[in-house]
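# Observations on the model geometry
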Amino acid sequence: MPGPQCDDLRSSFDSVFCALLPRLYRRAALLAGGSDAAEDAVHEVYLKLAARPQRFLAHPEPYAYAFAALVSQVRDSYRRGRRQVLVADPGHPADGAGTCWDGGFAERASQLEALSLLGRLTVRQAAAVILVDLDGYTIDQAAGILGTHRGTVSRSRARALDKLRGCLGERPAPARPADIAEGQDGHASQGTA
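Each value, and the rule that gives it
Residues numbered from 1 in each chain as written. Predicted model: local features only at pLDDT ≥ 70, side-chain atom pairs only at ≥ 80, totals over all residues. Heavy atoms only, no water. Helix = DSSP H or I, 4+ residues; strand = E, 2+ residues; numbered from the N terminus. Buried < 20%, exposed > 50% of the residue type's maximum accessible area, 1.4 Å probe, protein only. Contact = heavy atoms within 4.5 Å. Areas by Shrake-Rupley, 256 points an atom, 1.4 Å probe, with all protein chains shown as cover. Phe/Tyr/Trp six-rings, centres within 6.5 Å; stacked < 30°, edge-to-face > 60°. 1 Å grid on protein atoms, 1.4 Å probe; cavity = no way out; pocket = protein on both sides within 12 Å on 5 of 7 lines; lining within 4 Å. Points joined across faces, edges and corners; volume = space filled by probe spheres on them. Core = buried A, V, L, I, M, F, W, Y, C linked by side-chain atoms within 4.5 Å. Axes fitted to C-alpha atoms, helices over the stretch in contact; angles between N-to-C directions. Parallel < 35°, antiparallel > 145°, perpendicular 65-115°, else oblique. Left-handed = near helix turned anticlockwise from the far one by under 90°. Nonpolar A, V, L, I, M, F, W, Y, C, P; charged D, E, K, R; others polar. pLDDT = per-residue confidence, 0-100.

## Some thoughts on the overall build of the protein chain
Across its full length, the protein chain holds 9 helices and 0 strands. Reading the protein chain from its N terminus to its C terminus gives the helix and strand order α-α-α-α-α-α-α-α-α. The buried share of the protein chain, taken over its 193 residues, is 31%. Counting contacts in the protein chain only where the partners sit at least 6 residues apart, residues at least 24 apart contribute 66% of the total. Taken as a whole, the protein chain presents about 12100 Å² of accessible surface, with 53% of it coming from carbon and sulfur.

Next comes the structure, spelled out in structure tokens:
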């Protein structure tokens, strides 16, 4: 029989998770490829985490814990073949509309373009790009969140960025001497002797 302590735990869980919902929905939309799939994924994550709220609440960074569960959920959905198709691009506004407010059309078009580009990546690659390039985590922090080695995250991110550059018709940027000496993520590389 649930007691007051269980109710307090459930209330704490709900308040922490609800505070993360807007961010989780945005990230889920980037990973899953659309708002409907994002809502389903976040709902499944809620149900998964609500089964053991003490683990979620005890984690030092609840967003990271929820994001890792979200990536797992999206990956599972992708593997089951239930990934939904993106809606068609709505087109571009008339040429003269670029100088005045367009009702949010340009922002929505850019969101759809980002979804389209991230939809061409694997879930692991998209997760690495989202965590490092959009959320501002370091490679090491992203590896901890995703539960993989930092080299896996770094490689997935590099492959994702190469694929995105190819989609945009750009060639990969040449490596700068500082990048070679320090490594791509700012950590000093360990040379071999």
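There is more to say, and it comes next.
## What about the packing of aromatic side chains?
Applying the stated criterion to the full structure yields 8 aromatic pairs. Centroid distance Phe13 to Phe56: 5.2 Å. Interplanar angle 75 degrees. Geometry classified as edge-to-face. In this pair, Phe13 is assigned in helix H1 (residues 4–32) and Phe56 in helix H3 (residues 53–58), connecting sequence segments 43 residues apart. By the burial criterion, Phe13 is buried, and Phe56 matches it. By way of ring pairs, the aromatic residues Phe13, Phe17, Tyr46, Phe56 and Tyr65 are connected into one cluster.

## Overview of empty space enclosed by the protein
Rolled over the atoms, a probe with the dimensions of a water molecule shows which regions are left empty. Counted according to the given criterion, the structure contains 1 cavity of 30 Å³ or more. What the largest cavity holds in volume is close to 50 Å³. Together, Arg75, Arg124, Ala128, Leu146, Thr148, Val153 and Ser156 line the largest cavity. Among the elements of the structure, helix H6 (123–134) and helix H8 (150–167) are those that each provide at least two residues to the lining of the largest cavity.

## Focus: the nonpolar core
In this structure, Phe17, Leu24, Leu31, Leu49, Phe67 and Leu70 are the most contacted members of the largest nonpolar core, which totals 48 residues. When residues of this core are traced back to their parent elements, those giving at least two are H1, helix H2 (35–50), helix H4 (62–79), helix H5 (105–119), H6, helix H7 (139–146) and H8. Ranked by the residues each element gives to this core, the list is headed by H1, at 10 residues.

## Here we look at the packing of H4 against H6
Packing of H4 against H6 brings their axes to within 10 Å, and their N-to-C directions diverge by 155 degrees. Relative to H6, the element H4 lies roughly antiparallel. Crossing geometry of H4 relative to H6 is assigned as right-handed. Here Phe67, Val71, Val74, Arg75 and Tyr78 of H4 lie close against H6, whose contacting residues are Val123, Arg124, Ala127, Ile130 and Leu131. Here the residues of the contact of H4 with H6 are counted per class, giving 8 nonpolar, no polar and 2 charged.

## Let's talk about the confidence of the model for the protein chain
Across the protein chain, the average pLDDT comes to 79, with 74% of residues at 70 or higher. In the predicted structure, residues 93–97 sits below a pLDDT of 50 and forms 1 contact with residues beyond four places in sequence or in another chain. Here residues 176–182 scores under 50 on pLDDT; set against residues more than four positions off or in separate chains, the count is 8 contacts.

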